[in-house]
Amino acid sequence: GVLHAMADEVRQLREELELARHGQARAQDKLRLLQATHTQLKQQLAAQKRAGESKPPDHGSEEVTLKKHNVMLEARLQDAQQRATLAETRSEQLGNQLAQRTSESELAASRIQELQHGLAPA
């Protein structure tokens, strides 16, 4: 009855938490990848800028392209950071919920055991 339902809920929360943690790991991987790409791009831009100072003006078009790419990448980076943060929050919430439900079901189990053994005061 009640214990079975509680056990089901705990199992379901465990599965949700597992999925949430996978999602969190994926979000963090994606974020790290974007951060690495962004760092490379910033280095390229710095190199372009240094090189551009000693080259003719037509060299600027490549720098403009890199700058546009950088702006897009920064937007994606921000999005990835938000997703990673949301995924982390979700995992934490589910973890807390799971801990609460687990202790509730353990408490209910021991209470039922007490009642069955006739140890609990009426």
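Bear in mind the structure is a predicted one, so any value in this text is a computation, not a measurement.

### A closer look at the overall build of the chain
Moving on, step 1. Helices and strands together make up the secondary structure of the chain, namely two helices and zero strands.
Moving on, step 2. Against the globule reference of 14 Å for 122 residues, the chain gives a C-alpha radius of gyration of 27 Å, more extended than a compact globule.
Moving on, step 3. Counting only C-alpha atoms, the chain reaches 95 × 20 × 15 Å along its principal axes.
Moving on, step 4. Here the chain holds 122 residues, and 25% of them are scored as buried.
Moving on, step 5. Of the contacts formed within the chain by residues at least 6 apart in sequence, a portion of 82% connects residues at least 24 apart.
Moving on, step 6. Carbon and sulfur atoms provide 54% of the accessible area of the chain, an area that totals close to 9100 Å².
Moving on, step 7. Charged side chains of the chain number 17 positive and 17 negative; the gap between the two group centres comes to 6 Å.

### Considering the nonpolar core
Moving on, step 1. Core analysis: the biggest nonpolar cluster contains eleven residues, these being Ala-27, Leu-31, Leu-34, Leu-41, Leu-45, Leu-66, Leu-73, Leu-77, Ala-80, Ala-84 and Ala-87.
Moving on, step 2. Those elements that place two or more of their residues in this core are helix H1 (2-52) and helix H2 (60-116).
Moving on, step 3. Ranked by the residues each element gives to this core, the list is headed by H2, at six residues.
Moving on, step 4. Beyond its immediate sequence surroundings of up to four residues, Leu-66 is in contact with Leu-41, Gln-44, Leu-45 and Gln-48.
Moving on, step 5. Within the second largest apolar cluster, six residues are counted, among which are Leu-13, Leu-17, Leu-94 and Leu-98.

### As for the pattern of salt bridges
Moving on, step 1. Within this structure, the stated rule accounts for seven salt bridges.
Moving on, step 2. Ionic pairing is found between Arg-90 and Glu-16, a salt bridge with its closest N-O pair at 3.2 Å. In this pair, Arg-90 is assigned in helix H2 and Glu-16 in helix H1, connecting sequence segments 74 residues apart.
Moving on, step 3. When its relative accessible area of 39% is taken as the criterion, Arg-90 is described as partly exposed.
Moving on, step 4. Among the residues examined, Glu-16 registers a relative accessible area of 30% and is labelled partly exposed.
Moving on, step 5. In this structure, a network of salt bridges that share partners links the residues Glu-9, Arg-101 and Glu-104.

### A short note on the environment of Thr-89
Moving on, step 1. Within the secondary structure, Thr-89 sits in helix H2.
Moving on, step 2. The spacing of Thr-89 and Ala-36 is 53 residues in sequence and 24 Å in space, taken between C-alpha atoms.
Moving on, step 3. At 2.9 Å, the side chain of Thr-89 and the backbone oxygen of Thr-85 are in polar contact.

What counts and what doesn't
Residues numbered from 1 in each chain as written. Predicted model: local features only at pLDDT ≥ 70, side-chain atom pairs only at ≥ 80, totals over all residues. Heavy atoms only, no water. Helix = DSSP H or I, 4+ residues; strand = E, 2+ residues; numbered from the N terminus. Rg over C-alpha atoms; globule rule 2.2 N^0.38 Å. Buried < 20%, exposed > 50% of the residue type's maximum accessible area, 1.4 Å probe, protein only. Contact = heavy atoms within 4.5 Å. Areas by Shrake-Rupley, 256 points an atom, 1.4 Å probe, with all protein chains shown as cover. Lys, Arg positive; Asp, Glu negative; His and termini not counted. Charge placed at Lys NZ, Arg CZ, Asp CG, Glu CD. Core = buried A, V, L, I, M, F, W, Y, C linked by side-chain atoms within 4.5 Å. Salt bridge = Lys/Arg side-chain N within 4 Å of Asp/Glu carboxyl O. Polar contact = N/O pair within 3.5 Å; in protein donor to acceptor, adjacent residues only side chain to side chain.

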